[in-house]
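Single-letter residue listing:
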Amino acid sequence: MCDREVFEVQAADGAGRVGALRIPRAGRTVETPALLPVVNPNVLTVDPARLAGEFGVEMLITNAYIVHATDGLREAALDRGLHDLLGFPGAIMTDSGSFQLAEYGDIDVDTPEIVRFQRDVGADVGTPVDVPTPPDADRETALADLRETERATLEAEAVETGEMLVSAPVQGSTHLDLRESAGRAAAASTLDLAPVGAMVPLLESYRYDEVVRVVLAAKRGLGPAAPVHLFGAGHPMIFALAAALGCDLFDSAAYALYARDGRYLTTAGTEHLDDLSQLPCPCPVCTGHDPAALRGAPDDERERLLAEHNLHVTLAEVRRVREAIRSGNLFELVERRARGHPALVDGYRALLDESAWLERFDPASKGTVFALSAESARRPEVRRHHDRLVRVAPPDGASVLLTEGGVPSADQFDAVWRVVPPFGPYPRALASTYPLTAATPDRPDRAACEAAARGVARLAAATGAELTLAHGGWPESALALVPDGVRTERRPGGGAGPTG
Ligand SMILES: [Zn+2]
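In what follows, the accompanying structure is described. It should be emphasised that the depicted structure is a prediction, and the values quoted were computed from it without experimental measurement.

Conventions and cut-offs
- Residues numbered from 1 in each chain as written.
- Predicted model: local features only at pLDDT ≥ 70, side-chain atom pairs only at ≥ 80, totals over all residues.
- Helix = DSSP H or I, 4+ residues; strand = E, 2+ residues; numbered from the N terminus.
- Buried ≥ 20, exposed ≤ 12 C-beta atoms within 10 Å, placed from the backbone.
- Contact = placed C-beta atoms within 7 Å.
- Axes fitted to C-alpha atoms, helices over the stretch in contact; angles between N-to-C directions.
- Parallel < 35°, antiparallel > 145°, perpendicular 65-115°, else oblique.
- Left-handed = near helix turned anticlockwise from the far one by under 90°.
- Nonpolar A, V, L, I, M, F, W, Y, C, P; charged D, E, K, R; others polar.

Section: the environment of P291
Here is step 1 of the chain: As for its position among the elements, P291 is in helix α14 (residues 291-296).
Here is step 2 of the chain: Judged by the 17 C-beta atoms lying within 10 Å of it, P291 is partly exposed.
Here is step 3 of the chain: On a C-alpha basis, the gap between P291 and D274 in space is 7.9 Å, while along the polypeptide they are 17 residues apart.
Here is step 4 of the chain: Excluding its chain neighbours within four sequence positions, the residues that come into contact with P291 are L273, L276, S277 and L279.

Some thoughts on unusual backbone geometry
Here is step 1 of the chain: The step from T32 to P33 runs through a cis peptide bond, and the omega angle for that step is -5 degrees.
Here is step 2 of the chain: Position of P33 relative to the elements: it lies in the loop between β3 (28-32) and β4 (34-39).
Here is step 3 of the chain: Across the junction of Y434 and P435, the peptide omega takes the value 0 degrees, indicating a cis bond.
Here is step 4 of the chain: As for its placement among the helices and strands, P435 is situated in the loop between β16 (424-427) and α20 (446-462).
Here is step 5 of the chain: A positive phi is found at Y206, a non-glycine position, where the angle reads about 60 degrees.
Here is step 6 of the chain: By secondary structure assignment, the location of Y206 is in the loop between α9 (200-204) and α10 (208-222).
Here is step 7 of the chain: Residue Y206 is classed as partly exposed on the basis of its 17 C-beta neighbours within 10 Å.

Points about the packing of α10 against helix α17 (residues 342-352)
Any two packed helices are characterised by the angle at which their axes cross and by the distance between the axes.
Here is step 1 of the chain: Where α10 meets α17, the axes come as close as 7 Å, and the angle between the chain directions of the two elements is 30 degrees. Accordingly, the angle class assigned to the pair α10 and α17 is roughly parallel. Regarding α10 and α17, the two cross each other, and that crossing is right-handed. Contact residues: α10 offers Y208, D209, V211, V212 and R213, while α17 offers A343, L344, D346, G347, A350 and L351.
Here is step 2 of the chain: When the residues that make up the contact of α10 with α17 are grouped by side-chain class, the tally is seven nonpolar, one polar and three charged.

The structure is reproduced here in structure tokens:
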């Protein structure tokens, strides 16, 4: 993969990255993470020319299979090209009919034919006919489907596609080892980007912990160089989490499909227009209408206006994600979005299970860490600080006070270190270095105290110094993690103690 070197990472936060995806045939470079609106060539809910002009959409996705299967459309596309047909000047990715294959069990094109068709209608990115295996499929089915997908990938490689990029889909259902090996196979191909497929059923049923585990398995196989498309992820509440996994492209049919049902997207979930008394959004639709006016509009106009709002919210969230990555506070955004739904908390926790993996990608220094919840105690920055303690440990025999603050007896010690949950102890010389510049609550929760206690244990294991811990009232579960050799005392006038 990336034989043509079309993808360049420009900024990173955890496994999340801002990148530049070069689309040679379109003569343009798309900033990632990017959202590709799905355009049904038969139903143009929002005119593609407006997507490019008013909404700033650089790339969209449409279905080459539908174009191919529709009399009149097929000839027009071959004659005039997709860009002219849709009236869209940006980059166009085309899907192949895999979705229809999964829905109806059979389609009347194969990979060589549809990839040649995509090339002939001027698509900038093409897709082979992979086999999307749904979640929970048995292993034999998933494996047999995967062989078909790998065959389609090989067939696509054999087509002379010129400047058109071609994607190498990663399937494997919910079998993590299959997703990882599929990722390796895609990475070993000469194709250009990697959609992680058949995720819609997991996304629609809010199985975000599994979304995380499946995507991370695919990423392990793919490696960091491949641009990754989370296929079918179109709800803005998932973008921060998906970007934190290292996904670079999303596509949204949701903006139009939800609008058809009167559903109004927000970054915290979905509302129904019938239930809204206010439109809590600054987009042109919401500032130009009230809910009653939208409800009273003719069906097609209401659908279009809702789709426009949905798209504004969706694209704004993608810009926010890019900004968060560049500013080094993507985790804070993931954490805030996770508060929108318990299933997103599960997704965030599943991500933090992999903090050792995330830490490998995380820049050594970035924006101020905000410790906002129990989950913050498991962030990669905490793990990295604990690893660093080994290198800064005090000499054997020194007496060192580790304190949360208020140290009347400090002069009895050779050195005084600060202790801040969730990071734990650190020498004062490091106080103004990343990540210890973190903003943390004065009332740490149980998880933060336990993480700090693990830091004390790491330090104790690394030195023969005599350690005394003055804590502000840690719970027993945290104190139980402090090794026996460390003297502990409740510091006088300690704070309110842990709150969680
Ligand atoms: Zn709006």
